[in-house]
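Residues per chain, in single letters:
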Amino acid sequence: MLALSVAVVVLGLKVASSPLGAAVQVPFSMQGDVPEALDISRPKKLHGRFLHITDIHPDGHYKAHAAESKACHRKNPKKKSKNVSGYYGTSYSECDSSFRLSNFTLDYLAENWASEIDFVVWTGDSARHDNDHQLPRTPDEIFDLNRAVTAKMESVFTHRGIPVVPSLGNNDIWRKCSSLASFLTIWDLRISFAAALAPFPVCSTQPGPNRVTTEFTSIWKSFIPFNYRQVFHRGAYYASEVVPNQLAIISLNTLYFYDSNKAVNGCPYNDPDDPGNLELDWLEVRLQEYLERDMQVWITGHVPPSPGNYFPECHMNVDHFFFLESIDLEIIPESKKAVRTAGNDLALYNVLLEEFAALPTNKKINLDEYAAVNVAPSVVPNYLPSFRIFSYNVTDTLDAIEPEGGKKKKKPTPKKPPKRKHGHRRGERGDKDKHCTEEKYQNSWKCHLDEPWNSDENSPSRTNRFWSPLGYAQYIMPNLDEANKTHPPVFELEYVTFPVEMLQAEAERENFLIPARHLPGELLAENTTKSKFAPYSLPDLTIPSWVRLAKRIADEKRVKLRKRFKKYMFSGGY
């Protein structure tokens, strides 16, 4: 691939005066004005790939040879041995990304991937953490950092005609929370899905329009479709048809559903004007519209949609997946709940094993009741800088997958979920007829879910066909700490979800799953049947494939697979 020659913006530094009189470093923005709405010409031919990047966290105060205890902003004079921050960044640390690392990552994507993808999912957190009391983060700094990253995204992707779909992160607006994960999920078009999020308690943003939504409406004006500007200004959520009339991405403002956001009320049933309820109302309308237009929808956001994922320290930049289930819409009395044990990131691994082990057997499982959520690792080196390249099916034709008789028939309301114990604040389901008469539950959405949902076993989320997600390749930067002026860092493949034989069989195709030049030679060698780079051997990323993988990981006999899963969660950090 030849990299296109474009003007790129360096996240340079300038010194601005803060309200406290301290020098605050912020990046330069683009030279000249960005058009109100860029004239994006869609790629003429789909590659069947997209980029998911998240949590860049650029920090203009980052310094090499500084102390992690000082957020890598300055040295520790009393413990000189602790002044070990790297030239580009510091792996497995609480320090944010240097501008060198932020620039290197986006420049690498410009040179190596920008001509190989169809669109970009960018799930937020593009400002440094507020983790240094001597250098408090200001709202202006947050907005300036986001403007600089946006300008870089525009120069790398938007100016090439590649749609970018950003989401608001907690550190794009809030000062007390450390990094959260970001997610992407593939759904059947379930019209009552909004209610699934409603019970979830809601980093802090006030209902819009407000300064945050106003600033980001301006900052992201080249990304947000014109017809959604007003909606975004109100609530910082929107939809983008990355493949017009065929594939849409909905970018949710998940901060309205995040329980640490004390500025909103958590979607109470008796408050229709609650910003979370307004967002869910809007989501239902969008899903209904896309269902009627026979479009596929992928939903993205910053805070993963599971109440069990909200650790008190909010730190979850780990690679994992989990399921949303219909049982989440049931009332589970406090005495029957199976609550996860809060702790460090490693606790998540143990809970996931319990979750996966609790899945029903193949004969009893009803896949109508499940949705798979993919949570991606970050660029900020809490572990190792990472990004993902997803592949999706663009080889089938819509005519080839249309069932006999024309339109797909809606299935009846799925059967009730099995009564079983579960983690993630799940447990044994209570009696709705009884509990919904109690004052505690009367104003819960769980007592007012009347509409059936739509689910289709032939949809792209359930069976491999047009628009189905096929797999991903995850790349990491293993030499971050050793990189310096003369030896820059490198991105290397960490793993792929595909089977080895699938990669080998597809190698000669024009729309190869992952371009061969981005894969280690051993994966494509004829004599290779197994590889450390291909531990999961998933034929696709449909819900059934994720369920089968979860069951394999839950099997105590699969020691090697469990070790791999744990290693990838933390980039070898545990």
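Quick caveat, the model's predicted, so the values are computed rather than measured. (Residues numbered from 1 in each chain as written. Predicted model: local features only at pLDDT ≥ 70, side-chain atom pairs only at ≥ 80, totals over all residues. Heavy atoms only, no water.)

Caption draft 1: Spotlight on the pattern of salt bridges. Under the criterion given, the structure shown has 13 salt bridges. Between Arg49 and Glu116 there is a salt bridge, with the nearest N and O atoms lying 3.0 Å from each other. Residue Arg49 is found in strand E3 (residues 49-53), and its partner Glu116 is found in the loop between helix H1 (99-112) and strand E4 (119-122); the two are separated by 67 residues along the sequence. Here Arg49 falls in the buried class, since its relative accessible area comes to 3%. For Lys152, the salt bridge is made with Asp107, and the minimal N-O distance between the two is 2.8 Å. Remark: Asp107 occurs in helix H1 and Lys152 occurs in helix H2 (residues 139-156); sequence separation between them is 45 residues. Under the relative-accessibility criterion, Asp107 is labelled partly exposed at 31%. (Salt bridge = Lys/Arg side-chain N within 4 Å of Asp/Glu carboxyl O. Helix = DSSP H or I, 4+ residues; strand = E, 2+ residues; numbered from the N terminus. Buried < 20%, exposed > 50% of the residue type's maximum accessible area, 1.4 Å probe, protein only.)

Caption draft 2: Geometry of H2. Its 18 residues give H2 an end-to-end C-alpha distance of 26 Å, which sits within 8% of 26 Å, the value for a rise of 1.5 Å per residue. With 14 of its 18 residues buried, H2 lies for the most part within the structure. (Expected span 1.5 Å × (residues − 1).)

Caption draft 3: Seen up close, the packing of aromatic side chains. Inspection of every chain in the model, using the stated rule, returns 41 aromatic pairs. Geometrically, the ring pair formed by Phe104 and Tyr108 is stacked, given 6.5 Å between the ring centres and 20° between the ring planes. Taken together, the residues Phe104 and Tyr108, both in helix H1 and 4 residues apart, mark about one turn of the helix. Taking the centre distance of 5.7 Å and the plane angle of 70° together, the rings of Phe232 and Tyr238 count as edge-to-face. You'll find Phe232 and Tyr238 in the same group, each marked buried. Three or more aromatic residues link up through ring pairs in this structure, and these residues are Phe50, Phe119, Trp298, Phe390, Tyr392, Phe466, Trp467, Tyr472, Tyr495, Tyr536 and Tyr568. The ring centre of Tyr87 lies 3.8 Å from the NZ or CZ of Arg100, which sits over that ring. In this arrangement the basic side chain of Arg388 is found over the ring face of Tyr472, its NZ or CZ atom lying 4.0 Å from the centre. (Phe/Tyr/Trp six-rings, centres within 6.5 Å; stacked < 30°, edge-to-face > 60°. Lys NZ or Arg CZ within 6 Å of the ring centre and 35° of its normal.)

These figures come from the coordinates and say nothing about function on their own.
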